[in-house]
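# Results of the structural survey
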Amino acid sequence: MSIVVGRIAPPGSQTSLREANRARLVESLKRHGRLTQVELAGSTGLSPATVSNIVKELTASGLLHTSITSRSGRRATLVSLARQLGLVAGVHFSSRQLHIAIADATRTVITQTSLPLALDHRHDAELDRLSILLGDMMETLGGTVSDLLAVGLALPAPIDPRTGMVSTPGLLRGWEGVDVAESLTARIGRPVFVDSEANLAGLAEAREGAGRNASSSVFIRVGHTISAGLIVGGDLFRGVNGKAGQIGHVTIDENGPMCRCSNRGCLETYAGGPALLSLFPPSEGMQRLRDLIQASDAGDGSSRRVIADAGRHIGIAAASLCNLFDPELIIVGGELGEAGEILMAPMRHSLERTALASADGLPEIVGATFGGWAETRGAITIALDHVTVDAEAVPFSA
């Protein structure tokens, strides 16, 4: 992604300082997507005049793109990386669905698609299919998979950052013991970066969604499974083995039902998708969480009660998480998150009853900005985070 090979400036020189400032500005745009020049000055710590000069230089070189917008009723210059720098792909394998999106360097999605998945899908067959789909999508854009700068991939299980493998046995059968990034790279020849779906959805919401203005946030993903992504200062907290945020396996009742993790009474056994759907007889046709939400939206009392009870259980587990992590904001997403206040109002009530309060009150609970595409946007974000944009390689203007 380098533009032009330039000279190497000696350390401590004025030129070296200018190169460092340009790199800082570019990294801020990679992190946040689009910012006004005033916002860039705030995020980088550079003076408005320095930001203005760097933006002019890098726009002239083709590295940046500017447009006019308004902030608080005032005219402002909006800055982003140039779209022509290249494309990345974001992929989300949930328990029941595959999302794929291809975006440019500004995080603008150019094309996307969704496909259903079998409940117990396996890595080999699905990565083969993904390779074909990425090729087809790039072909419609007039390119090939080799034109992708990087691919981000979200999976419904914690990923050990040291090995790239699912960190806990039993949470994603058919994908265990496999370095997924390495396996997909072997198929498509492009760099791949993998993390859990809750982590990547939380990253997307923290960088450009509901948590953008929060110093720390928790993204709770409620769907077929339940998990959370922990964000501090815009970055993920994964823990040693990548298991941080596994709220779905917080014990609600130590004598409760057996969980897929081999423990008893985990939150998932009370509020996960299969547990909720099992409460309805087959004759009612509750096959997926989408059916449950549609029935709730139509006014079905039983469906509303089941979702509200799930919210109450999730709120109790979230209270424990708040007491340990002390976030500023809780963001709720995933398939069941689309139920909105029917789910979140009982969560707030449980939080009020069981979490330790502070002088600032309890964390606010809000819905996700990006809905069912939050995980895919997070996959795009992590792909762009690993793309090198060489601002130092652009020659200085005279």
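Residues numbered from 1 in each chain as written. Predicted model: local features only at pLDDT ≥ 70, side-chain atom pairs only at ≥ 80, totals over all residues. Heavy atoms only, no water.

- Under an unreviewed UniProt entry, the protein chain has the name ROK family transcriptional regulator and belongs to Microbacterium lacus.
- For the protein chain, the Sequence similarities (unreviewed entry) comment in UniProt is given as "Belongs to the ROK (NagC/XylR) family." (UniProt positions renumbered as here; feature names shortened; annotations may be inferred.)

### Let's talk about the environment of Ala317
- Relative to the helices and strands, Ala317 is located in helix H10 (residues 301-325).
- Residue Ala317 is classed as buried on the basis of its relative accessible area of 2%.
- Residues Ala317 and Val250 lie 67 residues apart in sequence; the distance between their C-alpha atoms is 6.6 Å.
- Residues within four places of Ala317 in sequence aside, it is in contact with Ile247, Val250, Ile252 and Leu267. (Helix = DSSP H or I, 4+ residues; strand = E, 2+ residues; numbered from the N terminus. Buried < 20%, exposed > 50% of the residue type's maximum accessible area, 1.4 Å probe, protein only. Contact = heavy atoms within 4.5 Å.)

### A word on the packing of helix H4 (residues 123-140) against helix H5 (residues 180-188)
- Relative to each other, H4 and H5 sit at 45°, their axes nearing to 10 Å. Classified by the interaxial angle, the pair formed by H4 and H5 is oblique. Where H4 crosses over H5, the two elements pack in a sense that is right-handed. Here H4 contributes His123, Asp124, Leu127, Asp128, Leu130, Ser131 and Leu134 to the contact with H5, which in turn contributes Val180, Ser183, Leu184, Arg187 and Ile188. (Axes fitted to C-alpha atoms, helices over the stretch in contact; angles between N-to-C directions. Parallel < 35°, antiparallel > 145°, perpendicular 65-115°, else oblique. Left-handed = near helix turned anticlockwise from the far one by under 90°.)

### So, the state of the cysteines
- Applying the stated criterion across every chain, the model contains 0 disulfides.
- Free cysteine Cys259: the closest other cysteine sulfur is in Cys261, separated by 3.7 Å.
- Its relative accessible area of 9% is what places Cys259 among the buried residues.
- Cys266 provides the cysteine sulfur closest to Cys322, a residue in no disulfide bond, and the two sulfurs are 19 Å apart. (Disulfide = S-S within 2.5 Å.)

### Let's talk about unusual backbone geometry
- Despite not being glycine, Arg107 has its phi angle at roughly 70°, a positive value.
- Relative to the elements of secondary structure, Arg107 occurs in the loop between strand E5 (97-104) and strand E6 (109-116).
- Among the residues examined, Arg107 registers a relative accessible area of 3% and is labelled buried.
- For Ser262, which is not glycine, the phi torsion reads 85° and is therefore positive.
- Within the element layout of this structure, Ser262 appears in the loop between strand E11 (235-237) and helix H7 (268-271).
- Given a relative accessible area of 55%, Ser262 falls into the exposed group.

### Digging into the sheet that holds strand E1 (residues 34-36)
- Taken in spatial order, the 3 strands of this open sheet run E1-E3-E2, and their pairing is antiparallel. Of all strands in the sheet, those bounded by a partner on one side alone are E1 and strand E2 (64-71). Adjacent strand axes in the sheet meet at a mean angle of 30° when their direction is disregarded.
- Sheet analysis places E2 next to strand E3 (residues 74-81), joined by 8 bridges and oriented antiparallel. Bridge pairing in E3 links His65 to Ser80.
- Its contacts with the sheet put helix H1 (residues 14-32) on E1, E2 and E3, and the angle it makes with E3 is roughly 90°.
- In this fold helix H2 (residues 37-44) packs onto E1, E2 and E3, with an angle of close to 100° to the strand it touches most, E1. (Pairing = 2+ DSSP bridges.)

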